[in-house]
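Report on the structure
Given next are the chains, with one letter for each unit.
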Amino acid sequence: MAGPRNLAALAPTIRQRVADILDGLPVGEPFNWVERVSIELTTQMLATLFDFPFEERYKLTRWSDIAISPRKAGLWDTVEERERELDECLSRMTELRDERSQKPGGHDLLSMLAHSESTRNMPPRQFLGNLLLLIVGGNDTTRNSISGGVLAMNRWPEEFEKLKADRSKIPNAVAEIIRWQTPLAFMRRTTTEDVEVGGKTIPAGERVLMWYASGNRDENVFENADLFRVDRGNARQHLSFGFGVHRCMGNRVAELQLKLLWEELLERYSRIEVVGAPVRAISNFVRGYTHLPVKLHA
Ligand code: HEM
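Description of the structure in this document. Predicted, not measured: the structure shown is a model, and the values here were computed from it. (Residues numbered from 1 in each chain as written. Predicted model: local features only at pLDDT ≥ 70, side-chain atom pairs only at ≥ 80, totals over all residues. Heavy atoms only, no water.)

A count of helical and extended segments in the protein chain gives 11 helices and 9 strands. Taking 2.2 N^0.38 as the reference for a compact globule, 298 residues should give roughly 19 Å; the C-alpha atoms of the protein chain span a radius of gyration of 20 Å, in line with that estimate. Taking as baseline every contact in the protein chain between residues at least 6 positions apart, the subset at least 24 positions apart corresponds to 66%. Carbon and sulfur atoms make up 52% of the accessible area of the protein chain, which amounts to about 15,100 Å² in all. A distance of 1 Å separates the average location of the 40 positive side-chain charges in the protein chain from that of its 41 negative side-chain charges. (Helix = DSSP H or I, 4+ residues; strand = E, 2+ residues; numbered from the N terminus. Rg over C-alpha atoms; globule rule 2.2 N^0.38 Å. Contact = heavy atoms within 4.5 Å. Areas by Shrake-Rupley, 256 points an atom, 1.4 Å probe, with all protein chains shown as cover. Lys, Arg positive; Asp, Glu negative; His and termini not counted. Charge placed at Lys NZ, Arg CZ, Asp CG, Glu CD.)

Structure below.
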């Protein structure tokens, strides 16, 4: 999705948006990091990727939340209600895509979908499915890596000190944050043939879960796997982006966002203090937070 050239072109916009968000935060007063930073930054990023009208950007977060939340999270009550909101997503995005199909040359995701041979005539439900994959793919995951990083740096303050002393550790710290947090706990597959794993045979046709959350804490691969270490030598071997043909398409965008965020954070604050218990999102799939109360120290 995002080749190195497209990414380099995006970097100044992302950095500016990160800076604007951080400059608007209160110093010395508690606030919810998830809402003010994690959600805001990923929402702005998604709007940038889709070239979605900036003032309507919160719709993207809403559609993502609706698509992924179970009923008991309280965002929707009946299946019809949920469908109605997702239909709104489909109609707004179809409108925008149809406009873009008249204008060649756009580099945003909707223009790409409008002009590519393989996607321009997708039936509506398939178009919606692809949109939701992109919206959800780019939303909860990065959001929760942003929150998870702050939490990890608080549990292991010496790791934050290491970053302060040497900013060249940031890219590796980003990989370690994504390993430690594992924003998506698993993906599902169906076996196409008998396979042997750990001395057990899984027959063909079985539905299996690949627990990234478990693989990322495998002591045979990661020494002291439960600990967060910004200079962990093999942090990049994590499985948080999946593996194989369906490996995450947005991994570089996500890493770039996190790298720029930590650079700009270190520029401004001596400490990002977690001042209350984090509240976990209700999901066995998305490993994340709805609240993370923090206080910034200048
Ligand atoms: C830290 C952030 C992220 C994490 C942990 C993450 C994780 C994942 C995982 C586990 C998969 C499934 C891989 C598989 O089934 O083998 C995936 C797929 C995908 N991700 Fe991400 N993702 C992140 C950020 C993003 C971003 C920013 C975008 C786009 C804006 C994105 C778009 C996608 C898409 C479109 C797919 C489907 C790929 C396919 O099925 O071929 N992701 N991601």
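Our next topic: the pattern of salt bridges. What the rule picks out here adds up to 29 salt bridges. A salt bridge links D108 to R100; its shortest N-O distance comes to 2.7 Å. Its relative accessible area of 9% is what places D108 among the buried residues. Look at R100 and you get buried, because its relative accessible area is 9%. (Salt bridge = Lys/Arg side-chain N within 4 Å of Asp/Glu carboxyl O. Buried < 20%, exposed > 50% of the residue type's maximum accessible area, 1.4 Å probe, protein only.)

Counted according to the given criterion, the structure contains 8 aromatic pairs. Consider the rings of F31 and W33, whose centres lie 6.4 Å apart with planes at 35 degrees: the pair is tilted. Of the two residues, F31 and W33, neither departs from the other in class, the shared state being buried. Taken together, a centroid distance of 6.0 Å and an interplanar angle of 85 degrees make the contact between F52 and W63 edge-to-face. Here the residue F52 occupies a position in the loop between helix 2 (33-50) and helix 3 (58-68), and W63 occupies one in helix 3, the gap between them amounting to 11 residues. W63 carries the same exposure label as F52, and that label is buried. Feature note: the residues W156, W180 and F228 constitute an aromatic cluster, connected by ring pairs. A cation over an aromatic ring shows up here: R36 above the ring of F31, its NZ or CZ 5.8 Å from the ring centre. Here R57 stacks its cationic end above the ring of F54, 4.3 Å away from the centre of that ring. (Phe/Tyr/Trp six-rings, centres within 6.5 Å; stacked < 30°, edge-to-face > 60°. Lys NZ or Arg CZ within 6 Å of the ring centre and 35° of its normal.)

Turning next to unusual backbone geometry. A negative phi angle is the norm for most residues apart from glycine, just as the trans form is the norm for most peptide bonds. The phi dihedral of T182 falls on the positive side, at around 45 degrees, and the residue is not glycine. Assignment of secondary structure puts T182 in the loop between helix 9 (170-181) and strand 2 (186-190). Using a relative accessible area of 1% as the deciding quantity, one classes T182 as buried. Unusually for a residue other than glycine, N224 sits at a positive phi of about 45 degrees. Mapping N224 onto the fold places it in the loop between helix 10 (212-215) and helix 11 (251-268).

All right, on to the coordination of the iron atom of the ligand then. Among protein atoms, the single one acting as a donor to the iron atom of the ligand is C248 (SG), 2.3 Å away. The residue C248 is located in the loop between helix 10 and helix 11 in this model. (Donors = N, O, S within 2.8 Å, 3.2 Å for Na, K, Ca; no water.)

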